[in-house]
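If you want the building blocks of each chain, they are given just below.
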Amino acid sequence: MDTQTKADLKRHDLLINGKRVPPGTGEYSLNLNPATEEPIALVAQGSAADVDTAVAAARAALKVWNALRASERGRILNRFAELLRTHQDEIAALESLDAGKPIASVMRQDVPAAIDTLAYYAGWCDKINGQVVPVRPDALTYTLREPVGVVAAIVPWNFPLMIGMWKIAPALACGCTMIVKPAEITPLSALRIGELALEAGVPPGVLNIVTGKGRVVGDALVAHPGVDKVTFTGSPSVGRGILQGAAGNFKRVTLELGGKSANVIFDDANVDSAVRAASSGIFFNTGQVCSAGSRILAHRNVYDEVVERLVARAKAIRVGAPTSRETAMGPLVSATQMKTVLDYVDIGRKEGASLVAGGARIGERGFFVEPTVFANVEHEMRISQEEIFGPVASVIRFNDEDDAIRIANGTLYSLAAGVWSRDIGRVHRVARELKAGTVWINTYGYTDVRLPWGGSGDSGFGREHGDVAIENFTEPKAVWLSLDR
Ligand code: NAD
């Protein structure tokens, strides 16, 4: 790219202590539009020194944020939610441009979910109570819930705004202050919402945004003695490193990691509804969803019908420019992600699965890949065991309920699962047996801030959302007061 074009691009600085500041190193990285591969912005490459400054600002802001009445914090967060609503078109366009997400689905899902999350936790601010716990007659004993302190939030690129808000909203509601590190390739919405937070009255230093590389900014945050908690969403390999890195000062850690979710279709299911949901379960957001139903388990009596219907749906999906309201599926987020997905298509072929739809890149510009379906997938194959994080469905045959449960539970992950059947006893039985943080019955893919979200095993630990998140961002304290004369 020539120097002139580079000079024309907007520079996005860090947001520390209420101000946009250039990175200490003076370095910026080029951000690309995944649909066109054209550069869209220059993004500040934060350094360990910038992290030091941000952590100092967040520590100092703890006092200011907690000097406010809880109801006032709630009012500020409600104003923040309102500002997000007023700016929803702008934020949606930014998110769509940066991450290649179809504008219609950003408007339908990401933005409303972010607003809803903020409004929900705004309501929690003045309801975070301790308890009086009567222990003995000569003492008053009670508990307080205090903020854990400074939180580092490390966010992935698949839902930058929504997952960012899943962390920001409860942390701020609990009186914590934060440093948010968006994914290197999708930082724009986080920087903009950091500005809106200030406009809403969130004091400077409460919400800092430090962009840059995981290996630099992420590592520095995780190792920093001034950070009390890390909340991370991303890949299992990075999550493992975070857990080790956070051991230095015994930070609290929440990890939301990957998935290889099974969507189990029994032969008494409404196959049409099941396949419709299974199709969006794997192709929504171009398959870049931690809970994507990437393994579709179909009973042998309906297996051929499931494959046939899924192939028809995959072929009918409108793949195209994220800016078009008609587009149902956009590009993958990056060239790296596209290569990973196409490599897995090769792996699937070599393993002997039948490629029955898609499998190729679309065009030569933009990171588009066809909605892809593999049939005759065996449970042990890599495409059935490993997270691809792209629009690739593996359809696996099963014989009976026990077989379905064995296959569904047979990966290292356990984030989510779906079950389709008209037999009320069976769906509850299977829901109990499935190793998953969320089970959808005769539906697939919903999340809501009121319900716990997370998994175990390679899907991480801890839960986000609801009252569980309030526990994540607070420390209980026991207080004893002597009533002696
Ligand atoms: P990633 O792990 O590569 O990156 C996630 C974040 O971690 C980014 O901000 C990145 O810059 C940062 N990071 C990278 N190296 C780091 C380091 N050494 N120290 C600290 N931070 C570092 O993941 P990704 O590719 O952005 O996202 C895809 C993964 O996220 C998938 O595995 C997916 O399943 C998972 N995910 C899980 C959920 C969930 O709720 N469980 C939701 C979305 C995505």
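From a predicted model like this one, the values you see are computed outputs, not experimental measurements.

This paragraph deals with the sheet that holds strand 16 (residues 392-398). In spatial order, the strands read 14-15-16-13-12-18-19; together these 7 strands make up an open sheet with mixed pairing. The open sheet has two edge strands, strand 14 (354-357) and strand 19 (438-441), and neither has a second partner. Ignoring strand direction, the axes of neighbouring strands in this sheet form an average angle of 25°. Packed on one face of the sheet, helix 12 (residues 335-351) meets strand 14, strand 15 (372-375) and strand 16 and runs near 20° to strand 15.

A few words on the UniProt feature "active site" (unreviewed entry) in the protein chain. The positions that UniProt labels "active site" (unreviewed entry) are, in the present scheme, E256. When you line up the elements, E256 lands in strand 11 (residues 252-256). Under the relative-accessibility criterion, E256 is labelled buried at 3%. If we ignore the near neighbours within four places in the chain, the residues touching E256 are F232, T233, G234, W453, G454, G455, S459, G462, R463 and E464.

For the rest of this paragraph, the subject is helix 14 (residues 401-408). Of all 8 residues in helix 14, 6 are buried; the element is thus mostly enclosed. If you check which residues of helix 14 are buried, you get E401, D403, A404, I405, I407 and A408.

In this section: the side chain of N208. Mapped onto the elements of the fold, N208 is located in strand 9 (residues 207-209). For N208, the side chain forms a polar contact with the main-chain nitrogen of N17, separated by 2.8 Å. Excluding its chain neighbours within four sequence positions, the residues that come into contact with N208 are L15, I16, N17, A54, A57, A58, M178, I179 and V180.

Before going further, it helps to spend a moment on the domain arrangement of the protein chain. By the assigned domains, the protein chain splits into domain 1 (3-257) and domain 2 (262-448). Placing the centre of domain 1 and that of domain 2 at their C-alpha centroids yields a distance of 31 Å. Contacts between the two partners involve 22 residues from domain 1 and, on the opposite side, 28 residues from domain 2. Ranking the residues of domain 1 by area buried against domain 2 places E37, P102 and W157 at the top, with a combined share of 26%.

Ordered in space as 1-5-4, the 3 strands form an open sheet in which the pairing is mixed. The open sheet has two free edges, formed respectively by strand 1 (11-12) and strand 4 (28-32), since each of these has just one partner strand. Bridge count between strand 1 and strand 5 (residues 39-44): 2 bridges; the pairing is parallel. Paired with R11 across the two strands is L42, which belongs to strand 5. Here helix 7 (residues 188-200) sits on the sheet in contact with strand 1, strand 4 and strand 5, set at roughly 60° to strand 5.

Neighbouring residues of the ligand: 28 residues in total, closest V155, W157, S235, L257 and E387. Within the side chain of W157, an N or O atom sits 2.9 Å from an oxygen atom of the ligand. In isolation the ligand offers 850 Å² of accessible surface; the protein chains occlude 89% of this area. The set of elements that each furnish at least two residues to the shell around the ligand consists of helix 8 (214-223), strand 10 (229-233) and helix 9 (236-245). Looking at the shell around the ligand element by element, the count peaks at 4 residues for helix 8. Class assignment for the residues of the shell around the ligand results in 16 nonpolar, 7 polar and 5 charged. Residue-level mapping places the shell around the ligand at the junction of two domains, with at least three residues from each of domain 1 (3-257) and domain 2 (262-448).

What follows concerns the packing of helix 3 (residues 70-86) against helix 7. At a closest axis distance of 8 Å, the pairing of helix 3 and helix 7 adopts a crossing angle of 130°. One element, helix 3, and the other, helix 7, form an angle in the oblique class. Considering only the axes of helix 3 and helix 7, their crossing is right-handed. Residues I76, R79, F80, L83 and L84 of helix 3 form the contact with helix 7, whose own contacting residues are I193, L196, A197, E199 and A200. Residues that form the contact of helix 3 with helix 7 fall into these classes: 8 nonpolar, no polar and 2 charged.

What follows is about unusual backbone geometry. Among all residues save glycine, negative phi is the norm, and among peptide bonds the norm is trans. Of note, the phi angle at N17 is positive, near 55°, even though the residue is not glycine. Inspection of the secondary structure assignment puts N17 in the loop between strand 2 (14-16) and strand 3 (19-21). What makes N17 partly exposed here is its relative accessible area of 39%. Its identity is not glycine, yet T286 carries a phi of approximately 55°, on the positive side. Following the sequence through the fold, T286 ends up in the loop between helix 10 (271-283) and strand 13 (295-299). Exposure remark for T286: the relative accessible area of 2% places this residue in the buried category.

To continue, consider the packing of aromatic side chains. Summed over all chains, the structure comprises 7 aromatic pairs. On the numbers, 4.6 Å between centres and 55° between planes, the contact of W440 with Y444 is tilted. Each of the two residues, W440 as well as Y444, counts as buried. One residue, R11, lies across the ring of Y28, its end atom 4.4 Å from the ring centre. Above the face of the F266 ring, R426 is positioned so that its terminal group lies 4.3 Å from the ring centre.

Scanning the model with the defined rule gives 28 salt bridges in all. As a salt-bridge pair, R309 and D272 come within 3.1 Å of each other at their nearest N and O atoms. Of this pair, R309 sits in helix 11 (residues 303-316) while D272 sits in helix 10, placing them 37 residues apart in sequence. Relative accessible area serves as the criterion here: at 32%, D272 is assigned to the partly exposed category. We note a salt bridge from R450 to D448, for which the minimum N-O separation is 2.6 Å.

Rules of the game
- Residues numbered from 1 in each chain as written.
- Predicted model: local features only at pLDDT ≥ 70, side-chain atom pairs only at ≥ 80, totals over all residues.
- Heavy atoms only, no water.
- Pairing = 2+ DSSP bridges.
- Helix = DSSP H or I, 4+ residues; strand = E, 2+ residues; numbered from the N terminus.
- Axes fitted to C-alpha atoms, helices over the stretch in contact; angles between N-to-C directions.
- Contact = heavy atoms within 4.5 Å.
- UniProt positions renumbered as here; feature names shortened; annotations may be inferred.
- Buried < 20%, exposed > 50% of the residue type's maximum accessible area, 1.4 Å probe, protein only.
- Polar contact = N/O pair within 3.5 Å; in protein donor to acceptor, adjacent residues only side chain to side chain.
- Domains from an automatic or database assignment.
- Buried area = accessible area lost by both parts, 1.4 Å probe.
- Near = heavy atom within 4 Å.
- Areas by Shrake-Rupley, 256 points an atom, 1.4 Å probe, with all protein chains shown as cover.
- Nonpolar A, V, L, I, M, F, W, Y, C, P; charged D, E, K, R; others polar.
- Parallel < 35°, antiparallel > 145°, perpendicular 65-115°, else oblique.
- Left-handed = near helix turned anticlockwise from the far one by under 90°.
- Phe/Tyr/Trp six-rings, centres within 6.5 Å; stacked < 30°, edge-to-face > 60°.
- Lys NZ or Arg CZ within 6 Å of the ring centre and 35° of its normal.
- Salt bridge = Lys/Arg side-chain N within 4 Å of Asp/Glu carboxyl O.

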